[in-house]
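# Structural overview
Listed here are the chains, written in short residue letters.
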Amino acid sequence: MLKDNYEAVEKKVAQACARAGRNPSEVTLIAVSKTKPVEMLQEIYDAGARVFGENKVQEICEKYDKLPSDIKWHMIGHLQRNKVRQVIDKVAMIHSVDSYRLAQEISVQAQKKNITMPILIEVNIAGEESKFGMSAEDTIQLVEEIAMLPNLKIQGLMTIAPFVEDAEENRQYFREIKQLSVDIKNKNIDNVTMDILSMGMTGDYEVAIEEGATMVRVGTGIFGARNYTIKER
Ligand SMILES: *Cc1c(COP(=O)(O)O)cnc(C)c1O
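None of the values given here were measured: they were computed from a predicted structure.

With that settled, consider the overall build of the chain. Check the secondary structure of the chain and you find nine helices and eight strands. In terms of overall dimensions, the chain is globule-like: its C-alpha atoms have a radius of gyration of 17 Å, near the 17 Å expected for 233 residues. Along the first, second and third principal axes, the C-alpha set of the chain runs to 45 × 40 × 35 Å. Nonlocal contacts in the chain, meaning residues at least 24 apart in sequence, comprise 62% of its contacts between residues at least 6 apart. Just so you have it, the chain exposes about 11300 Å², and 46% of that area is on carbon and sulfur atoms. Placing the 30 positive and 35 negative side-chain charges of the chain at their respective mean positions leaves the two points 4 Å apart.

Below is the structure:
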């Protein structure tokens, strides 16, 4: 049954790509598995999923050892500096870098492990008070500063669009962040590629793909509604 959900989302991703004249291989579907038990993740893994998104350090650490080692874990939630050390060698990418100090700590821990960590800069594109992320205006400067840090590679931008009834309402935000990434790319900053645009969730991933998303983060659409005992961000 979860397999059916996963395949349905994959199909919609492919259809959105077709509408936008894009190749489906350009878009990575991230199965957002936060709060879900490992049995459910295994089911989606068996259906072919290899990229999972989590937003809590503790949860990544718990699930990491119980599931196949070829899974790529993506940290998509707000990350506290004092927890970077615990996930640095477990995650394939950190989507939620929203300050210089966080980037600095990721750089320090990556140096200790002798790895280069791919990161995205989180942009609060709609300027919502309740959300983390840089303002669009401050993003370019932050990218320039973080780009100087060793053992990091800035690969693009990430955003969490507002929660809306009609996904069309977010199209303008997706366009704005795409444009921002193009502007940054055109600056040709050393160590910065801007090939990745992580945007679009269950309610709006098709619109996000039409506007240039290369990673979509889908939780509810694959795993069903979440039952929260912990506070959702
Ligand atoms: C939970 C979460 C998602 C997935 O949300 P759904 O609406 O369930 O698809 C995507 N991105 C981030 C950063 C999240 O925390």
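Over its 14 residues, helix α5 (residues 100-113) runs 20 Å from end to end, which matches the ideal 20 Å to within 8%, given 1.5 Å per residue. Buried residues of α5: Leu102, Ala103, Ile106, Ser107, Gln109 and Ala110, and no others. On its buried side, α5 packs onto α4 (84-87), β4 (91-97), β5 (117-122), α6 (136-146) and β6 (152-158).

In this structure the tally under the stated criterion is one aromatic pair. With a centroid separation of 5.8 Å and an interplanar angle of 35°, the aromatic rings of Phe52 and Trp73 are classed as tilted. Placement of Phe52 in strand β2 (residues 51-54) and of Trp73 in strand β3 (residues 72-75) is noted, with a sequence separation of 21 residues between them. With a relative accessible area of 0%, Phe52 lands in the buried category. Directly above the ring of Tyr45 sits Arg50, whose terminal nitrogen or CZ lies 3.5 Å from the centroid. Here the basic side chain of Lys90 rests over the ring of Tyr64, its NZ or CZ set 5.6 Å away from the ring centre.

Attention now goes to the site of the ligand. The local shell around the ligand consists of Val32, Lys34, Ile76, Met158, Ile160, Met201, Thr202, Arg217, Val218, Gly219, Thr220 and Arg226. One of the backbone N or O atoms of Gly219 is found 2.8 Å from an oxygen atom in the ligand. Considering the ligand on its own, with 390 Å² of exposed area, one finds that the protein chains cover 93% of that surface.

Definitions and limits used
Residues numbered from 1 in each chain as written. Predicted model: local features only at pLDDT ≥ 70, side-chain atom pairs only at ≥ 80, totals over all residues. Heavy atoms only, no water. Helix = DSSP H or I, 4+ residues; strand = E, 2+ residues; numbered from the N terminus. Rg over C-alpha atoms; globule rule 2.2 N^0.38 Å. Contact = heavy atoms within 4.5 Å. Areas by Shrake-Rupley, 256 points an atom, 1.4 Å probe, with all protein chains shown as cover. Lys, Arg positive; Asp, Glu negative; His and termini not counted. Charge placed at Lys NZ, Arg CZ, Asp CG, Glu CD. Expected span 1.5 Å × (residues − 1). Buried < 20%, exposed > 50% of the residue type's maximum accessible area, 1.4 Å probe, protein only. Phe/Tyr/Trp six-rings, centres within 6.5 Å; stacked < 30°, edge-to-face > 60°. Lys NZ or Arg CZ within 6 Å of the ring centre and 35° of its normal. Near = heavy atom within 4 Å. Polar contact = N/O pair within 3.5 Å; in protein donor to acceptor, adjacent residues only side chain to side chain.

These figures capture arrangement, not role.
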